[in-house]
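The lines below spell out each chain.
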Amino acid sequence: MDGKLALVTGAAGGIGSCFADRLAEQGARVVRADLVFDGTDRARVHHDVADPASWDRLRDHVHEHFGTLELLVNNAGISARADLLTTADDDFARVLAVNAFGPWRGIKTFADDLAATRGAVVNVGSIYGVTTPPGGEGTVPSSVAYQMSKAAVHQLTKVAAVELAPRGIRVNAVLPGVFRTPLLENLPPAALRARVDGAPMARSGELGELAAVLAFLAGPESSFVTGALVPVDGGYLAAS
């Protein structure tokens, strides 16, 4: 990754921060984008993935200060902890806007850059875009909006991989299982344990384990891999 220019959305903490750190450790020049950044650091850009104008500003900022993008990591994501019947319209719309519209708009915004550099996109999906969280006593409602949005990201990954392959752009996705991130902090212990126990390895993942898979998909070793949805889940999907 020496000298390659990468952009990571949702990079202020959790998975996004870990991804950005791993790419930087491997020699990439990393632009971190997140709503919480105030713009005082050129490499930490204030950005709302749900806002088309924000994507345009981000592209102009990247070109002015860093150059042509070679790797896009669509990581930014939110959830709304409510079931199908109680999810509010506004919450549903916001989750879909961030989690599904954001990656689609990001790919569109930087497609010419990535074609020029024969670059790559790594989307962050979820095992819960494939299956549903465990239910039962002590759990909390799943987020129907989150699950639908991640299923959309998976299909976006496949469509983009097929359509952009002639332009030299690879598009893949990592599907995290249960990792200790801010999205899980509000789960009761019993609910978290139910999720952890759903995987044969019976533990939560370390962020470094997830970042290692992302680095592989981003780097030259995966040059013949595109359209892949790679679970990093301790066997959760295999057992579900």
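See the structure printed just above.
Throughout what follows, the structure given in this document is the object of discussion. Here the residue index of a chain counts from 1 through its sequence in written order. The predicted origin of the model limits local features to residues at a pLDDT of at least 70 and limits the giving and counting of side-chain atom pairs to 80 or more, whereas totals for whole chains, interfaces and linings rest on all residues. Note: side-chain values were computed over all heavy atoms of the structure, leaving out hydrogens and water.

Digging into the overall build of the chain
Looking only at helices and strands, the chain features seven helices and seven strands. To qualify as a helix, a DSSP run of H or I must reach at least 4 residues; to qualify as a strand, a run of E must reach at least 2; elements of each kind are numbered from the N terminus. Mapped from its N terminus to its C terminus, the chain presents α and β elements in the order β-α-β-β-α-β-α-β-α-β-α-α-β-α. Relative to a compact globule of 240 residues, whose C-alpha radius of gyration would be 18 Å, the chain shows 17 Å and is just as compact. Projected onto its principal axes, the C-alpha positions of the chain cover 55 × 35 × 30 Å. Two residues form a contact once any of their heavy atoms are found within 4.5 Å. Within the chain, residue pairs in contact and separated by at least 24 positions form 75% of the contacts whose partners lie at least 6 positions apart. In these tables, accessible area is a Shrake-Rupley quantity obtained with a 1.4 Å probe, and a residue counts as shielded only by the protein chains included in the view. Carbon and sulfur atoms form 54% of the exposed surface of the chain, whose accessible area is close to 10800 Å². Treating the 21 positive side-chain charges of the chain as one cloud and the 26 negative ones as another, the clouds have centres 4 Å apart. Every radius of gyration here is taken over C-alpha atoms, with the globule rule written as 2.2 Å times N^0.38, N being the number of residues. In this count, Lys and Arg are taken as positive residues and Asp and Glu as negative ones, while His and the chain termini are left out. Note on charges: their place is set at NZ of Lys, CZ of Arg, CG of Asp or CD of Glu.

Digging into the pairing of strand β6 (residues 170-176)
Counting buried positions along β6 gives seven out of seven residues, so the element sits mostly inside the fold. Only strands that DSSP links by at least two bridges are regarded as paired with each other. The pairing of strand β5 (residues 120-124) with β6 spans five bridges and is classified as parallel. Counted as the bridge partner of Ala120 is Arg170 from β6. Pairing of β6 with strand β7 (residues 229-232), which is carried by four bridges, proceeds in the parallel orientation. The partner of Leu175 across the bridge, within β7, is Pro231. Summary of the burial criterion: residues with accessible area below 20% of their type's maximum are buried, those above 50% are exposed, and those between are partly exposed, where the area comes from a 1.4 Å probe applied to protein chains only.

Quick word on the pattern of salt bridges
Salt-bridge detection follows one rule: a side-chain nitrogen of Lys or Arg within 4 Å of a carboxyl oxygen of Asp or Glu. Following the criterion strictly, the structure yields 12 salt bridges and no others. Of the charged contacts in the structure, one is a salt bridge between Lys4 and Glu70, with a shortest N-O distance of 3.7 Å. Separated by 66 residues along the polypeptide, Lys4 in the segment before β1 (5-9) and Glu70 in the loop between α2 (52-65) and β4 (71-74) bring together distant segments of the chain. With relative accessibility at 31%, the residue Lys4 sits in the partly exposed group. One salt bridge connects Arg105 with Asp56, and the closest N-O pair in it is separated by 3.3 Å. Here Arg105, found in helix α3 (residues 89-117), pairs with Asp56, found in helix α2; they are 49 residues apart in sequence, far enough to count as distant. Residue classification places Asp56 among the partly exposed residues on the basis of a relative accessible area of 26%. Residues joined by salt bridges that share partners form a network here, namely Asp56, Arg59, Asp60 and Arg105.

Description of the packing of helix α1 (residues 14-25) against helix α6 (residues 207-218)
Closest axis-to-axis distance for the α1/α6 pair is 9 Å, and the angle between their directions is 55°. Overall, the two elements α1 and α6 adopt an arrangement that is oblique. Judged by the sense of rotation from one axis to the other, the crossing of α1 with α6 is right-handed. Side by side, α1 and α6 meet where Gly14, Ile15, Cys18, Phe19, Arg22 and Leu23 of the first sit next to Leu207, Gly208, Leu210, Ala211, Ala212, Leu214, Ala215 and Ala218 of the second. We call Asp, Glu, Lys and Arg charged. Ala, Val, Leu, Ile, Met, Phe, Trp, Tyr, Cys and Pro are nonpolar, and the rest, Gly among them, are polar. Of the residues in the contact of α1 with α6, the class split is 11 nonpolar, two polar and one charged. Interaxial angles span 0 to 180 degrees and are taken between N-to-C directions of axes, which are lines fitted to C-alpha atoms, for helices over the stretch in contact. Small angles under 35 degrees read as roughly parallel and large ones over 145 as roughly antiparallel, with 65 to 115 read as roughly perpendicular and the rest as oblique. For a crossing to be left-handed, the near helix must be turned anticlockwise from the far one by less than a right angle; the clockwise case is right-handed.

With respect to the pairing of β1
For β1, the tally of buried residues reaches five of five residues, placing the bulk of the element in the interior. Note that β1 and strand β2 (residues 29-34) share five bridges and pair parallel. By the bridge assignment, Ala6 is partnered in β2 with Val30. For a crossover, the right-handed case is the one in which the path from the first strand over the helix to the second runs clockwise, viewed with the strands pointing away from the viewer. Handedness of the crossover is the feature at issue here: the chain leaves β1, passes through α1, returns alongside β2, and the resulting connection is right-handed. Two elements, β1 and β4, share three bridges in a ladder whose sense is parallel.

Overview of the nonpolar core
For the purposes of this section, nonpolar cores are sets of buried Ala, Val, Leu, Ile, Met, Phe, Trp, Tyr and Cys residues that join through side-chain atoms within 4.5 Å. In this structure, Leu7, Leu58 and Phe110 are the most contacted members of the largest nonpolar core, which totals 25 residues. Put simply, the parts of the chain that give this core at least two residues each are β1, β2, α2, α3 and α4 (144-164). Considering each element in turn, this core owes the most residues, five residues, to α3. Residues contacting Leu58, with those up to four places away along its chain left out, are Leu7, Ala33, Val45, His47 and Phe110.

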